[in-house]
Amino acid sequence: MKDYEKFCLETAEKLGRTLEQKELDFLCWLYNRHVEEQKTKETLNINISIRQQH
């Protein structure tokens, strides 16, 4: 959760203003998608590693 909060704060700082609710909603969706993609990537890497061992 701290990573998400940091992500939102950095985005607001780059924009130079506070974020509107619709922007926060979008960033929440975007961040969750990123996290899911990272999990999928890790799973694929584990599966590849296991296959290479056999």
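Residues numbered from 1 in each chain as written. Predicted model: local features only at pLDDT ≥ 70, side-chain atom pairs only at ≥ 80, totals over all residues. Heavy atoms only, no water.

S.K.: Teacher, can you tell me more about the nonpolar core here?
M.R.: For soluble globular proteins, nonpolar side chains are generally found buried alongside one another. Listed in full, the 6 residues of the largest apolar core are Y4, C8, A12, L19, L27 and Y31. Listed by contribution, the elements that provide at least two residues to this core are α1 (2–15) and α2 (21–53). Sort the elements by how many residues they give to this core and α1 lands first, with 3 residues. In contact with A12, not counting residues within four places along its chain, are R17 and L19. (Core = buried A, V, L, I, M, F, W, Y, C linked by side-chain atoms within 4.5 Å. Buried < 20%, exposed > 50% of the residue type's maximum accessible area, 1.4 Å probe, protein only. Helix = DSSP H or I, 4+ residues; strand = E, 2+ residues; numbered from the N terminus. Contact = heavy atoms within 4.5 Å.)

S.K.: Would you take a moment to explain the environment of T40 for this structure?
M.R.: Mapped onto the elements of the fold, T40 is located in helix α2. With relative accessibility at 45%, the residue T40 sits in the partly exposed group. Distance from T40 to T18, taken between C-alpha atoms, is 32 Å for residues 22 residues apart in sequence.

S.K.: Looking at this model, I keep getting lost on the side chain of T11. Mind explaining?
M.R.: Looking at where T11 falls in the secondary structure, it is placed in helix α1. A polar contact is formed between the side chain of T11 and the backbone oxygen of F7, at a distance of 2.8 Å. (Polar contact = N/O pair within 3.5 Å; in protein donor to acceptor, adjacent residues only side chain to side chain.)

S.K.: What should I look at first to understand the packing of α1 against α2 in this one?
M.R.: Each packed pair of helices is defined by two parameters, the angle between the axes and the distance between the axes. Their axes nearest at 11 Å, the elements α1 and α2 cross at an angle of 130°. The orientation of α1 relative to α2 falls into the category oblique. For the pair α1 and α2, the crossing hand works out as right-handed. Along the contact surface, α1 presents D3, Y4, F7, C8 and T11, while α2 presents L24, L27, C28, L30 and Y31. Here the residues of the contact of α1 with α2 sort into 8 nonpolar, 1 polar and 1 charged. (Axes fitted to C-alpha atoms, helices over the stretch in contact; angles between N-to-C directions. Parallel < 35°, antiparallel > 145°, perpendicular 65-115°, else oblique. Left-handed = near helix turned anticlockwise from the far one by under 90°. Nonpolar A, V, L, I, M, F, W, Y, C, P; charged D, E, K, R; others polar.)

S.K.: Please explain α2 as it appears in this structure.
M.R.: In an α-helix, one turn spans 3.6 residues; hence positions three or four apart end up facing the same way. For α2, spanning 33 residues, the distance from its first C-alpha to its last is 48 Å, which sits close to the expected 48 Å at 1.5 Å a residue. Among the residues of α2, those classed as buried are E23, L27 and Y31. Looking at the packing, one finds that the buried side of α2 touches α1. (Expected span 1.5 Å × (residues − 1).)

By themselves, these are just geometric observations and shouldn't be taken as functional.
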